[in-house]
Amino acid sequence: MLWSKLFVPTLRENPVEAEAAHHRLLLRAGFLRQIDSGNYAWLTLGQRSLCKIEQIVRAEMEAIGAQEFRLPPGKSFRDIARGEIRSPKQLPQIWYQIQSQPREEPRAKSDPLNARQSLMLESQCIEADAQAIEQLLARHSEAFGRILERCGLRAAGTGREFLLLSEAGPDLFVACDACGYLESIDSAVAKAKPAADDPEGDPAPEEFHTPGQKTISEVSEFAQVPATSQMKSLVMSADGKPLLALVRGDHQVSRPKLAAIFGVNEVVPASAAAIREWFGADPGSLGPIGVTNMRIVADLALQGRRNMIAGANKNDYHLRNVTPGRDFEAEFFDIRRVTEGDRCVSCDASVALRSGIKIARIRKQPNGISGLCELAVERVLYSVIEQNNDDAGMRLPAAIAPFEVIVTPVNVGDAALREAAQQIYSDCLAGGIDALYDDRDERPGSKFKDADLIGVPFRITVGKKLAQGFVEVTDRGIRTSRDVAVGEVVDELKRALEK
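All residue numbers refer to position in the chain's written sequence, counted from 1. For a predicted model such as this one, the threshold for reporting local features is a pLDDT of at least 70, and the threshold for listing and counting side-chain atom pairs is 80 or more; totals across whole chains, interfaces and linings nevertheless cover every residue. Only hydrogens and water are removed before side-chain values are computed, so all heavy atoms of the structure are retained for them.

## So, unusual backbone geometry
Thinking step 1. A cis amide bond links L91 to the next residue, P92, at an omega of 5°.
Thinking step 2. Along the chain, P92 turns up in the loop between helix 3 (77-84) and strand 4 (93-102).
Thinking step 3. Unusually for a residue other than glycine, D239 sits at a positive phi of about 50°.
Thinking step 4. Inspection of the secondary structure puts D239 in the loop between strand 11 (231-238) and strand 12 (241-248).
Thinking step 5. Exposure remark for D239: the relative accessible area of 41% places this residue in the partly exposed category. Numbering of helices and strands runs from the N terminus, with a helix taken as a DSSP run of H or I at least four residues long and a strand as a DSSP run of E at least two residues long. Relative accessible area decides the class of each residue, using a 1.4 Å probe on protein chains only: under 20% of the type maximum gives buried, over 50% gives exposed, and in between gives partly exposed.

Spelled out as structure tokens, the structure:
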């Protein structure tokens, strides 16, 4: 490929809208352009890198016996399985597709991580029993680990997730620096920070007027009690069935934990109209006493508590002295999100919330005999760039760089340099090396800066040493250069690429 024929709109200055390294460098190197709010276009160089990641993904998925599908938008593998899987003799099955999928509305912060569309590997595995499906999920975990390693990414694995801790990431993780515990905020566990002491005695629940006080903070100020002395009541819909979830006033419900506990695909907040129909009151005045038309699940941090404040299921009223187990029955599970300063369940050290990029996840489906495994292809590239960059640009591994080597004559007007560079370029292609020939009539310094910016791992510079039979080979990753005989340069590159 000739540089003069490529569309590579590099930028000399950092874009003001790009804060994170991956965003800034993808724009500067001409890999990516933002079309409008939340929509990004991959240009030639970016598309070449993504295609190489996809090739690695396909190779590793096929190595575990997966078969590639292409489904219409909005359709799932279940639509095929329902009509085609009729006997256990047809199992196991591993089906996958790589497809651009819509995401929730992007966050206000402009970043390709928050794009409206995301290129995803989605794999569905189906087996005859729960033990067999666990084995398939373990094979996926091993395959995902090999994919990331081949792409040059040093990611952390939690068993069912792969992630990169990074301030640039939009996802939250719980980390314990003392013992190395690391888990997604959606599934992490920890010991809750202590609550304020409960009032003594065993008084009956007592209704009191709380006009206009709906939030935990408003009731805390009005009643002069801390948030830890309140119950937060959240009405959820679990695959269409109502569910009342109770957590401590300073805690948040983890919807993924609820979905896993009850074996459902989705847990979402119930609508305001449904809440009024079921409780006779609006959110902000809800509580568990008297509720008989749905399951009640309470977080473990509420177990053993007494004389707390909860909604009265009557607008503008709350109840004092509410005690779980005496005034209402509930099922107790860990259903909360971990908060900063909670204690690690393994070593009792304080845990912290860290930003990061969630790259892949593996999960068993509610039916217990299938699994859904996902890997965000674009996030692999973002994460690699976050780990491999310097002031000059990206330092991409050869496996996913848009080109493996760039051949650069310092002066294309010099016939000897130009002809030697063209011959080396042709020899690279003949030797199976993915090469780019910088045939532009530009200053050498400008060419070198562009090569560093776009992250090509090796550069062959054809310059004044050609008269002695040598060219200069630069390793972008470690920023070193060495002289290599012209006749040996292709073999030298092959050895370097094999490493």
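## Some points on the packing of aromatic side chains
Where two aromatic rings form a pair, the distance of their centres and the angle of their planes describe that pair.
Thinking step 1. Pairs were defined over the aromatic rings of Phe, Tyr and Trp, the Trp ring being its six-membered one, requiring ring centres within 6.5 Å. Orientation was assigned from the angle between planes: stacked under 30 degrees, edge-to-face over 60, tilted for the rest. Evaluated as defined, the whole model comprises seven aromatic pairs.
Thinking step 2. One aromatic cluster is present, formed by F69, F77 and W95 through successive ring pairs.
Thinking step 3. Sitting over a ring, as applied to charges here, requires NZ of Lys or CZ of Arg to be within 6 Å of the ring centre and within 35 degrees of the ring normal. Sitting over the ring of F403, R48 keeps its end group 4.1 Å from the ring centre.
Thinking step 4. The ring of F448 is capped by R459, whose NZ or CZ atom sits 4.1 Å from the centre of that ring.

## A word on the sheet that holds strand 13 (residues 267-269)
Thinking step 1. Should DSSP find at least two bridges between two strands, the strands are taken to pair. Read across the open sheet, the five strands follow the order 13-11-12-14-17; overall the sheet is mixed. Across the chains shown, the open sheet's two edge strands, defined by having one partner strand only, are strand 13 and strand 17 (331-333). The mean angle between the axes of side-by-side strands here comes to 35°, regardless of whether they run parallel or antiparallel.
Thinking step 2. Where strand 12 lies against strand 14 (residues 295-299), four bridges are found, and the strand directions are parallel. Of the residues in strand 14, the one forming a bridge with L246 is A298. For helices, the fitted line uses only the C-alpha atoms of the stretch in contact; every axis is such a line through C-alpha atoms, and the angle between N-to-C directions lies from 0 to 180 degrees.

## A word on the packing of helix 2 (residues 44-63) against helix 4 (residues 130-150)
Thinking step 1. The geometry of helix 2 relative to helix 4 is characterised by a closest axis approach of 9 Å and an angle of 150° between their N-to-C directions. Relative to helix 4, the element helix 2 is oriented roughly antiparallel. Handedness of the helix 2/helix 4 crossing: right-handed. Between helix 2 and helix 4, the contacting residues are I56, V57, A59, E60 and M61 on the first element and H140, A143, F144, R146, I147 and R150 on the second. Our angle categories are set so that under 35 degrees counts as roughly parallel, over 145 as roughly antiparallel, 65 to 115 as roughly perpendicular, and the remainder as oblique. Crossings are assigned a handedness: left-handed for a near helix turned anticlockwise from the far helix by less than a right angle, right-handed for a clockwise turn. Any two residues whose heavy atoms approach within 4.5 Å are treated as being in contact.

## Section: the side chain of S49
Thinking step 1. Within the secondary structure layout, S49 lies in helix 2.
Thinking step 2. The buried category is assigned to S49, whose relative accessible area is 0%.
Thinking step 3. Those residues in contact with S49 that sit more than four places away from it in its chain are F31, L381, L396, I400, A401 and P402.

## Some details on the environment of P102
Thinking step 1. In this fold, P102 is placed in strand 4.
Thinking step 2. Relative accessible area serves as the criterion here: at 65%, P102 is assigned to the exposed category.
Thinking step 3. Measuring from C-alpha to C-alpha, the distance between P102 and Q117 comes to 4.5 Å, with 15 residues separating the pair along the chain.
Thinking step 4. Aside from chain neighbours lying at most four places away, what touches P102 is R116 and Q117.

## Side note on the pattern of salt bridges
Thinking step 1. We count a salt bridge whenever a side-chain nitrogen from Lys or Arg sits within 4 Å of a carboxyl oxygen from Asp or Glu. All chains considered together, the criterion is met by 38 salt bridges.
Thinking step 2. When the shortest N-O distance is used, the salt bridge between D434 and R48 registers 2.9 Å. Residue D434 is found in the loop between helix 9 (415-430) and strand 23 (435-437), and its partner R48 is found in helix 2; the two are separated by 386 residues along the sequence.

## Brief notes about helix 2
Structural remark: α-helix, 3.6 residues per turn; residues separated by three or four positions point the same way.
Thinking step 1. Multiplying 1.5 Å by the residue count of a helix minus one yields the expected span of that helix. The end-to-end C-alpha distance of helix 2 is 29 Å, a good match for the 28 Å that 20 residues give at a rise of 1.5 Å each.
Thinking step 2. Listed in full, the buried residues belonging to helix 2 are L45, G46, S49, L50, K52, I53, E54, I56, V57, E60 and M61.
Thinking step 3. Just downstream of helix 2, G65 is the residue with a positive phi angle, here 85°.

## Some points on the nonpolar core
Thinking step 1. Working definition of a nonpolar core: buried Ala, Val, Leu, Ile, Met, Phe, Trp, Tyr and Cys residues. They are joined through side-chain atoms within 4.5 Å. Counting residues in each nonpolar core, the largest one holds 60 residues, and the members touching the most others are F31, I53, F144, L375 and L381.
Thinking step 2. Counting residues per element, this core draws most heavily on helix 4, at seven residues.
Thinking step 3. Excluding residues that lie within four positions of it along the chain, F31 makes contacts with L26, A41, W42, L43, L45, G46, S49, M394, L396, P402 and I454.

## Details of the packing of helix 2 against helix 8 (residues 377-387)
Axis angle and axis distance: for two packed helices, these are the angle between their axes and the distance between the axes, and together they describe the pair.
Thinking step 1. Their axes nearest at 10 Å, the elements helix 2 and helix 8 cross at an angle of 115°. When the interaxial angle is binned, helix 2 and helix 8 end up roughly perpendicular. Both helix 2 and helix 8 take part in a crossing whose hand is right-handed. Across the interface between the two elements, S49, L50, I53 and E54 of helix 2 pack against V377, E378, V380 and L381 of helix 8.
Thinking step 2. Residues are grouped as follows: Ala, Val, Leu, Ile, Met, Phe, Trp, Tyr, Cys and Pro are nonpolar; Asp, Glu, Lys and Arg are charged; all remaining types, including Gly, are polar. Considering only residue class, the contact of helix 2 with helix 8 consists of five nonpolar, one polar and two charged.

Read these as spatial facts, not as claims about activity.
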